[in-house]
Structure formats: C-alpha cells, structure tokens
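# Remarks on the overall topology
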Amino acid sequence: MEKQIITPKRSLTEETEQLLNKQIGMEGLSSAYYLAMASWCEKSGYATSADFLYRHSDEERQHMLKLFHYVNDAGGHARHPDITGIQDDFKSLREVFELILEHEIEVTKSINDLVDHCFKIKDFTTFQFLQWFVIEQREEETLARRAVELFDLIGEDGVGLWTIDNEIGKLENFVTPPQE
Ligand code: OFO
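As the structure is a prediction and not an experimental result, all values here were calculated from the model.

Within soluble globular proteins, side chains that are nonpolar generally end up buried alongside one another. Counting residues in each nonpolar core, the largest one holds 27 residues, and the members touching the most others are Met 37, Leu 53, Val 96, Phe 97, Ile 100 and Ile 168. If you list the elements that add at least two residues to this core, you get helix H1 (14-44), helix H2 (47-73), helix H3 (93-120), helix H4 (124-154) and helix H5 (160-168). Once you skip the residues sitting within four places of it in the chain, Ile 168 turns out to touch Ser 49, Phe 52, Phe 97, Ala 147 and Leu 150. Counting 19 residues, the second-largest nonpolar core is a separate cluster that includes Phe 68, Ala 78, Val 107 and Val 115.

A few words now on the environment of Glu 149. Here Glu 149 shows up in helix H4. You can call Glu 149 partly exposed: its relative accessible area is 32%. With 51 residues separating them along the chain, Glu 149 and Glu 98 place their C-alpha atoms 9.7 Å apart. A polar contact of 2.9 Å, which involves the side chain of Glu 149, links it to the side chain of Arg 146.

This part covers the pattern of salt bridges. Following the criterion strictly, the structure yields 13 salt bridges and no others. Salt-bridge contacts for Glu 14 lead to Arg 10; the nearest nitrogen and oxygen are separated by 3.8 Å. Residue Glu 14 is classed as exposed on the basis of its relative accessible area, which comes to 57%. Residue Arg 10 is classed as partly exposed on the basis of its relative accessible area of 27%. The partner of Arg 94 in a salt bridge is Glu 156, and the shortest N-O contact between them spans 3.0 Å. Of this pair, Arg 94 sits in helix H3 while Glu 156 sits in the loop between H4 and H5, and the two are 62 residues apart along the sequence. Salt bridges sharing common partners tie together Arg 94, Glu 98, Asp 152 and Glu 156.

Moving on to the side chain of Ser 57. Position of Ser 57 relative to the elements: it lies in helix H2. Given the relative accessible area of 4%, Ser 57 is considered buried. Those residues in contact with Ser 57, other than ones at most four positions away along the chain, are Ser 31, Tyr 34 and Leu 35.

Criteria and thresholds
Residues numbered from 1 in each chain as written. Predicted model: local features only at pLDDT ≥ 70, side-chain atom pairs only at ≥ 80, totals over all residues. Heavy atoms only, no water. Core = buried A, V, L, I, M, F, W, Y, C linked by side-chain atoms within 4.5 Å. Buried < 20%, exposed > 50% of the residue type's maximum accessible area, 1.4 Å probe, protein only. Helix = DSSP H or I, 4+ residues; strand = E, 2+ residues; numbered from the N terminus. Contact = heavy atoms within 4.5 Å. Polar contact = N/O pair within 3.5 Å; in protein donor to acceptor, adjacent residues only side chain to side chain. Salt bridge = Lys/Arg side-chain N within 4 Å of Asp/Glu carboxyl O.

Right, here's the structure in full:
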C-alpha cells in the first residue's frame, strides 16, 4: 500500500511559492544563457571570456539550487524550469556583454519584486533569505557594467579585442561577493 504523507502546515504562501519558482526559472535561464555564451566565446577564440562565462553559468546554477532548497525546506515544491529557445549565436563579444548587462538588470527587477512581495505580506523569513540575492545582484550588475565599459575604454581595433578578453578575466578581483 502506498504511504500517505500528510503535508504539515507551513507559513510559505502559495503565491510566494509560485514567485520563488518563477525566480528559479530566471536563475536557470541565466545559467543556460551564460553557457550558450561561453560556448560561443570559446569557439570564437575568446578564451578568457569563455572561462569567465562557464564559471558564471555554474554560479547561476548554484543560485537556482539555493532557491530549490529554500522552497522545499519551507514545505513547498521547487519545480525544475522549462528552458528552451536560448540564443546561442552572437554578433560580437561586445554584444555578449551588453546582453548580460540587460539580462542582469531584469534579474535584479525580478528579485526586487519578490522582496517587495515578501515585505508586503510580512513574510520576513523569505525576505531575509532573499537579502543574499539582493547583494549578489549588485555584484553581478557591476561586473557586467565594467565589462561593457572595457569596450569603450580600450577600443576594439588592433589588439583591442584581445586585451579586452584578457581584462575580463580580472574583473572579479574588483567586486565583493556576498557572504554565505
Ligand atoms: Fe543569479 O545572479 Fe545573475 O542572474
């Protein structure tokens, strides 16, 4: 006979669970997007940017897993996102980093909406859990913005692109990641 598991009461609301699952989708999308970009950079000869993006794709997966564990620990059900149609061809290295900046701004908006929702319904547990993501987004946006700035600072002619690719590898030394 199949065992019946009685779901205990929980403070996580259905709506918050749905919004957290939506955020899981966003982090999964970031991971897939950066993986596609890493591959394009690698095959185009931008080895440092490829390395940077493979690492960032892994980091985004970790962000997704953080949310998975939180939702399940809070008595909800973290759902694997359905991710298709990822752009995997790009016009230039500059386009890659401009798209990353655009995407990270979208992710920040999504986190802010989620935090706002938790504050309004007084779910301070989830509100506090999300503070890590708030700080992380500041770091992610800064990194992407610095990368885009390199294209104007250095210029893309001659050895410019080669230099930009190398400098992208050093950007992480200038941002402070949130504490675990
Ligand atoms: Fe998860 O930080 Fe970027 O998207």
